[in-house]
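# Reading the structure
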Amino acid sequence: MTISFCWINGTKPRESGQWNDGLAAAMRIIEKEHTVTYHDQYSTTWEDSDVILLWEATCTNQGQYADFYNAIRRSSKKKILLFAGGPIEYLDAVGFDLYLVESEINEKEFEALGLPWMRAFGVNDEVMRPFKQVKVFDGIFPATCASWKRLDLFSQALGSKGVVCGRYQENDRMPFEHVKNNCTLLLPELKQEAVAALLNASYVHVN
């Protein structure tokens, strides 16, 4: 079977990162039994595959990559959406044969919409678990540093008592600038073990 893995405006799933390590590992397992090709929003060759996997939120239908998203939805191929979170509206979401979700909240949402879902993601609780650690920070915000996550508000509220760690985005520099200007500790994207240590060194986790 040939599988086309498509993503929109994001990091390739084979690259290691804080929030896609599990997905990269899953794709390596799939590659042992199937031929997998990878495509970003500028690719048109995914129609040559048997199955299309799209990694993105359904709200993309309203964004700048709506044409790519809707082209996949219109394809006659088998289509699976690896749901990356965000608002869910039936008319934006319908069109896939299966929806892979990461949380009980998403399960209830897709169930209510009458769309076929399966739990496919979760937390590695061998790494992400509570353990005794001296509290250093009042709060931590681990996230890709995008403006819509409002890191400016987090850093205004906590100042030097907060810590932010996440992927820097060249096309969205202001979150990093806000955090630095508010004297909040700013760290790059980290491995899961390091994030777990920071979580346990903080009183509050902001998401």
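Description of the structure in this document. (Residues numbered from 1 in each chain as written. Predicted model: local features only at pLDDT ≥ 70, side-chain atom pairs only at ≥ 80, totals over all residues. Heavy atoms only, no water.)

This part covers the nonpolar core. Across soluble globular proteins, nonpolar side chains show a tendency to be buried alongside one another. Grouped together as the largest cluster of nonpolar side chains are 19 residues, with contacts concentrated most on Leu54 and Ile72. Among the elements of the structure, β3 (51-56), α2 (66-74), β4 (78-83) and β5 (98-101) are those that each provide at least two residues to this core. Broken down by element, the residue count for this core peaks at three residues, all from α2. Filtering out sequence-adjacent residues up to four positions away, leucine 54 remains in contact with Cys6, Trp7, Ile8, Phe68, Tyr69, Ile72, Ile80, Leu81, Leu82 and Phe96. Formed by twelve residues, the second largest nonpolar core is a distinct cluster that contains Leu23, Leu53, Trp55 and Leu82. (Core = buried A, V, L, I, M, F, W, Y, C linked by side-chain atoms within 4.5 Å. Buried < 20%, exposed > 50% of the residue type's maximum accessible area, 1.4 Å probe, protein only. Helix = DSSP H or I, 4+ residues; strand = E, 2+ residues; numbered from the N terminus. Contact = heavy atoms within 4.5 Å.)

Read across the sheet, six strands follow the order β2-β1-β3-β4-β5-β6 without closing on themselves; strand pairing throughout is parallel. Sheet topology places β2 (35-39) and β6 (117-119) at the edges, where each strand pairs with a single neighbour. With strand direction ignored, the average angle separating the axes of adjacent strands in the sheet is 25 degrees. As paired strands, strand β1 (residues 2-7) and β2 are joined by five bridges and run parallel to one another. Across the sheet, the residue bridging to threonine 2 is threonine 35, located in β2. Packed on one face of the sheet, α2 meets β1, β3 and β4 and runs near 150 degrees to β3. Strand contacts of helix α4 (residues 104-113): β4, β5 and β6, with the helix running at about 170 degrees to β6, the strand carrying the most contacts. (Pairing = 2+ DSSP bridges. Axes fitted to C-alpha atoms, helices over the stretch in contact; angles between N-to-C directions.)

Working definition: the strands of a sheet are paired by backbone hydrogen bonds and lie parallel or antiparallel to each other. Taken together, the four strands give an open sheet; going across it, the order is β9-β8-β7-β10, and neighbouring strands pair in parallel fashion. Both edges of this open sheet fall to β9 (185-187) and β10 (202-205), since each of them pairs with a single strand only. Pairs of neighbouring strands in the sheet enclose a mean axial angle of 25 degrees, with direction left out of account. Bridge count for strand β8 (residues 162-165) against β9 is three bridges, and the pairing is parallel. Opposite valine 163, over in β9, you have leucine 185 as the bridge partner. In this fold helix α5 (residues 151-158) packs onto β7 (137-142) and β8, with an angle of close to 170 degrees to the strand it touches most, β7.

For arginine 150, which is not a glycine, the phi torsion comes out positive at approximately 60 degrees. Structurally, arginine 150 is set in the loop between β7 and α5. Arginine 150 sits in the partly exposed class, given a relative accessible area of 41%.

The next subject is the packing of aromatic side chains. Following the criterion strictly, the structure yields eight aromatic pairs and no others. Note on phenylalanine 83 and phenylalanine 110: the rings are 5.2 Å apart at their centroids and 80 degrees apart in plane angle, and the pair reads as edge-to-face. In this pair, phenylalanine 83 is assigned in strand β4 and phenylalanine 110 in helix α4, connecting sequence segments 27 residues apart. Note on phenylalanine 83: relative accessible area 2%, which makes it buried. On the basis of relative accessibility, which here comes to 0%, the residue phenylalanine 110 falls in the buried class. (Phe/Tyr/Trp six-rings, centres within 6.5 Å; stacked < 30°, edge-to-face > 60°.)

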